[in-house]
Amino acid sequence: MEQVIDIISWICLLGGALVVLIGGIGLVRFPDLFTRIHAASLADSGGAILVIVGCMLQAGLTLAGVKLAAILLFLLFTSPTAGYALAHSAITAKDDGLDVDIESD
Amino acid sequence: MIIVFSLFLLTMMVVVALAVVETRNLFAAAMLTGIFSFLMAANFFVLDAADVALTEAAVGAGVATVFFLGAIALSSEHEHSASRKFGLALLAVASTAVVILLGTMEFPILGDGSAPVHQHVAPWYLEKTPELIHVPNVVTAVLASFRGYDTLGEVFVVLTAAIGVLSLLGFPRNNSEENAVNDGLSHQKILHIVGKLLIPLIILFGLYVQFHGDFGPGGGFQAGTIIAAALILYALLSGGDRARRQMPPRLLFGMACLGAFIYAGVGGTTLLLGGNLLDYSVLSHDPVHGQHLGIMLIEFGVGLAVASVMLTIYHAFAGHEHR
Amino acid sequence: MLAAQYPVLPVIVPLLSAPIAALMPNRSLAWIMASLVSALVFATAVALTVIVSAQGMISYEVGGWPAPYGIEVRVDSFSVVMLLVISGASTLALISGKASIDAQIPSDRQPLFFAAWLLALAAYSGIAVAGDAFNIFVFMEISSLAGYVLIANGPDRRALPATFKYLVMGTIGASFYLIGVGLAYMMTGTLNIADLHARLGDVPYLRPILLSAAFVTIGLAVKAAVFPLHVWMPNAYARAPSAVAVFLSACSTKAAVYVMLRFDFMIFGGAFAHHDVQFSTVLMSLALLGMLIGSAVAIYERDVKRMLGYSSVGQIGYILLGASMISLGGVSAGVIHMFNHAMIKGGLFLAMGALVLRLGGGTLDDLKGAGRTMPWTMGAFVLLGLSLIGMPLTAGFISKWYLVQAALDLGTLGIVLIAAILISSLMAVVYIWRVVEVAYFQSPQAGASKHQEAPLMMLVPLWAVVLANVYFGLDPSIPVDLATNAANILLEHAK
């Protein structure tokens with residue numbers, strides 16, 4: 001049983017790391033602001049969720065596990081909000097005539 | 001493993017520091033200093049200095065970045081492209097670095113138990129704290145009691161910062177009624193609702209950090225910053241004018257003075273009760289209980305002073321904009 | 001019972017009163033409070049001087065914890081010299097400064113201004129009585145921050161760039177000091193000054209200690225405005241409010257010199273061989289350059305406050321020259337000059353405060369004919385100027401007399417040093433004469449006839465300083481005894 005949990009936990013952790021890595025590459029490589037926000041929020045929510053779930057499986061039903069669950073709950077609220085705020089202000093800025101497209105360098 | 005982590009973090013810090021120097025965009029520079037502080041906090045944590053890490057994350061990465069942004073909002077986002085006279089500065093920095101590197105060769109090795117810092121004062125603290133002060137977190141014992149005089153000074157450093165900002169920028173004033181009221185981000189429903197949901201939780205966490213300081217990482221400095229962050233979030237969401245109406249800047253500054261006065265007042269009380277300065281043992285008939293009482297009081301003073309000073313400085317920057 | 005608590009009173013009383021002063025509804029109340037507290041600190045300093053002279057060094061355990069574990073407050077003859085200078089300057093500057101502060105600082109900002117003043121007073125006193133290296137850093141932070149606030153309150157916007165320059169330099173200085181203390185802590189595991197001295201001798205690796213000594217000395221040299229690290233200083237004093245210039249010119253650089261001497265003699269002096277040689281070679285050459293170049297620049301300065309600032313660069317040179325001789329006579333001459341120069345320069349800035357208040361500016365052009373319209377103020381300026389030059393019967397002469405005597409013991413090198421002292425004094429004659437000439441031999445500018453003598457509240461403290469100058473010129477036994485004791489304490493550890 002423990003081994004099964006360990007394996008699932010490692011899959012989560014590695015998967016999370018992979019998502020964060022991909023998100024990071026996307027953040028650099030994508031052509032404009034909105035696609036980049038997409039990559040960043042993917043890493044921020046998806047990657048973080050997987051990593052924390054992996055850690056929770058390691059911690060089990062302990063105080064640390066409860067703390068991790070609380071962190072996960074907060075992240076589920078804050079990262080989509082942050083992504084939304086970023087995109088929203090980008091749109092507002094664009095309406096105001098500011099150039100939000102990033103020149104690829 | 002720790003070495004690998006530390007090396008990675010330190011390398012990242014060097015990269016970030018170079019980027020801060022290089023960029024001409026002050027907004028980017030402010031964000032990068034936030035990242036720098038965050039890496040530093042992670043580094044402290046790797047070194048098992050949880051209290052310092054918490055402070056660095058809250059102050060360096062959190063509030064300091066907000067203050068930088070406030071200052072940038074009052075001036076300009078771009079550095080003036082003045083002539084860059086690198087030569088002499090570069091020489092000074094490079095020679096200092098070389099000298100430090102030469103010195104590091106004879107430093108004690110990281111984690112060496114026989115290093116002088118682990119041999120002299122530290123064992124005494126670890127041994128005597130349970131007996132003399134009876135709190136599990138030795139850091140709190142050192143900070144609040146053994147070296148409480150330094151911490152007294154630090155609180156007054158924080159208060160001096162508030163006095164300085166106020167005497168340069170003046171107390172922020174609210175817009176009069178006829179002016180359009182700045183309602184912050186309240187027209188953005190998602191931000192507003194999520195933010196309002198988080199504020200009480202952040203304050204709760206701040207109180208936990210405040211009162212848990214005797215047992216784990218935490219204490220007045222960290223708690224004050226966290227609570228101030230929650231109230232700054234409120235000011236961002238509901239608009240500075242509304243926040244200032246609910247907590248007038250003069251009241252905030254009064255609270256900052258009160259916090260610092262509580263700490264100094266505990267010192268004055270110990271003198272009047274016949275003890276030495278900040279000798280909390282005289283506060284109660286039982287010395288250990290006196291220590292507890294003293295530490296609780298001064299931590300409360302610290303928390304109050306830090307939170308109010310942070311808010312005072314924030315409002316001084318944010319309220320200046322409208323004038 | 002309270003007598004046992006004297007060592008911490010100069011710190012805790014201003015700290016307790018600063019938050020109250022900041023919240024005072026009225027500028028006069030805040031001023032009265034600051035003046036009373038400052039006078040109380042001065043009284044405590046006098047009491048401590050008496051106690052220390054009679055019984056020797058006092059050690060005080062803050063928090064009741066024994067020395068290397070808790071923080072020690074330590075008062076010896078050197079501390080009381082510093083404490084007398086700080087509290088005396090603060091008290092005189094506050095009492096005499098009422099009119100000029102009212103003229104230069106908006107009344108709604110004054111409570112904050114006096115709070116910053118009290119914080120600076122507490123911090124400088126804290127440095128003077130500290131027996132712990134990190135504790136000195138904490139108070140250095142408060143004193144610097146409060147000092148920036150005080151200077152930034154200057155009468156025009158030029159105060160802001162002056163403050164910014166001071167802030168950048170001061171922060172570099174303080175960081176260097178902190179790095180140095182950190183290195184010393186790393187190699188010894190202690191922060192107590194006496195304990196550092198005891199343990200540094202046993203450290204097997206010298207390079208980090210050497211590094212520590214370098215960082216501490218250079219960091220403090222920036223704060224002490226030692227030539228060539230003085231660039232922040234003339235403007236900081238010239239653009240500050242007049243009363244602040246009196247206070248800071250008397251104690252801000254002196255406090256840094258004070259800490260530097262404590263570290264280099266009491267901690268590093270005994271720790272490794274040849275420290276004394278390195279220290280004296282580096283500092284003596286910087287001191288000589290400062291004496292010559294600082295005084296030379298002062299001659300060409302048309303803004304009298306900036307002139308006095310550059311003159312201070314030279315005077316810091318005298319103090320360091322004495323210290324770098326590493327002999328009993330030399331070090332005590334340096335300490336005597338710390339005391340006397342604080343008195344002279346503080347007095348000169350007091351006179352400048354009165355002149356600026358009445359004439360509206362402090363350049364040579366503004367001072368035209370001031371000898372006739374403000375005879376008492378200019379008279380005091382001239383007497384203090386003579387003391388700065390080193391005329392017999394003034395305190396300045398005593399400093400130079402002891403300095404020259406100590407130099408004579410050094411043989412050929414001593415002759416060179418005496419020549420430098422003479423040249424620098426001659427240059428002082430020139431720059432003081434320029435002011436005298438303008439004030440007495442040129443007619444006032446048009447419309448200047450309405451200028452009147454400075455208010456009595458400024459003249460009384462000013463003349464008190466002048467009389468003190470003459471008194472300590474005739475009977476220098478108090479500063480000389482204290483300085484000789486201080487030099488003994490410093491040199492005793494250096495061996």
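Residues numbered from 1 in each chain as written. Chains lettered and ligands numbered in written order. Predicted model: local features only at pLDDT ≥ 70, side-chain atom pairs only at ≥ 80, totals over all residues. Heavy atoms only, no water.

**Section: the pattern of salt bridges**
Reasoning step 1: Overall, the coordinates contain twelve salt bridges over all chains when judged by the stated rule.
Reasoning step 2: Here Asp 241 of chain B makes a salt bridge to Arg 244 of chain B, at a shortest N to O gap of 3.3 Å. Within this pair, Asp 241 of chain B and its partner Arg 244 of chain B are both found in helix 10 (residues 240–246), separated by three residues, close to a single helical turn. Of the two residues examined, Asp 241 of chain B and Arg 244 of chain B, each falls in the buried class.
Reasoning step 3: Two residues, Arg 74 of chain C and Glu 72 of chain C, come together in a salt bridge whose shortest N-O distance is 3.2 Å. Glu 72 of chain C shares its class with Arg 74 of chain C; the two are buried.
Reasoning step 4: Each of Arg 147 and Asp 150 of chain B together with Asp 132 of chain C takes part in one network of salt bridges that share partners. (Salt bridge = Lys/Arg side-chain N within 4 Å of Asp/Glu carboxyl O. Helix = DSSP H or I, 4+ residues; strand = E, 2+ residues; numbered from the N terminus. Buried < 20%, exposed > 50% of the residue type's maximum accessible area, 1.4 Å probe, protein only.)

**Details of the packing of aromatic side chains**
Residue and element names in this part refer to chain C.
Reasoning step 1: Counted under the stated rule, the structure contains 28 aromatic pairs over all chains.
Reasoning step 2: Consider the rings of Trp 117 and Phe 247, whose centres lie 4.7 Å apart with planes at 10 degrees: the pair is stacked. Within this pair, whereas Trp 117 is found in helix 4 (residues 110–129), its partner Phe 247 is found in helix 10 (residues 242–267), the two being separated by 130 residues in sequence. For the pair formed by Trp 117 and Phe 247, the shared burial category is buried. (Phe/Tyr/Trp six-rings, centres within 6.5 Å; stacked < 30°, edge-to-face > 60°.)

**Looking at the interface of chain A and chain B**
A common measure of how large an interface is: the accessible area buried when the components associate.
Reasoning step 1: Taken together, the contact pairs seven residues of chain A with seven residues of chain B.
Reasoning step 2: Buried surface at the junction of chain A and chain B, both sides included, amounts to about 710 Å², of which 83% is carbon and sulfur.
Reasoning step 3: Between chain A and chain B we count zero salt bridges in total.
Reasoning step 4: Applying the counting rule to chain A against chain B returns zero residue pairs in polar contact (both at pLDDT 80 or more).
Reasoning step 5: Tallied by class, the residues present in the side of chain A that touches chain B amount to four nonpolar, three polar and no charged. (Contact = heavy atoms within 4.5 Å. Buried area = accessible area lost by both parts, 1.4 Å probe. Polar contact = N/O pair within 3.5 Å; in protein donor to acceptor, adjacent residues only side chain to side chain. Nonpolar A, V, L, I, M, F, W, Y, C, P; charged D, E, K, R; others polar.)

**Side note on unusual backbone geometry**
Residues and elements named next belong to chain C.
Reasoning step 1: A cis amide bond links Phe 227 to the next residue, Pro 228, at an omega of 0 degrees.
Reasoning step 2: Structurally, the position occupied by Pro 228 is in the loop between helix 8 (207–223) and helix 9 (233–239).
Reasoning step 3: Phi is positive for Ala 225, close to 55 degrees, though the residue is something other than glycine.
Reasoning step 4: As for its placement among the helices and strands, Ala 225 is situated in the loop between helix 8 and helix 9.

**Digging into the interface of chain C and chain B**
Reasoning step 1: Contacts between the two partners involve 59 residues from chain C and, on the opposite side, 52 residues from chain B.
Reasoning step 2: Summed over both partners, the interface of chain C with chain B comes to about 4,900 Å²; 72% of that surface belongs to carbon and sulfur atoms.
Reasoning step 3: Connecting chain C to chain B are one salt bridge.
Reasoning step 4: A salt bridge links Arg 147 of chain B to Asp 132 of chain C; its shortest N-O distance comes to 2.6 Å.
Reasoning step 5: At the junction of chain C and chain B, the tally comes to 13 residue pairs in polar contact (both at pLDDT 80 or more).
Reasoning step 6: Secondary-structure elements contributing two or more residues to the side of chain C that touches chain B are helix 1 (9–22), strand 1 (58–62), strand 2 (71–75), helix 4, helix 5 (133–152), helix 6 (159–188), helix 7 (193–200) and helix 8 of chain C.
Reasoning step 7: Of all the elements, helix 5 of chain C adds the most residues to the side of chain C that touches chain B, at ten residues.
Reasoning step 8: Here the residues of the side of chain C that touches chain B sort into 43 nonpolar, nine polar and seven charged.

Read these as spatial facts, not as claims about activity.
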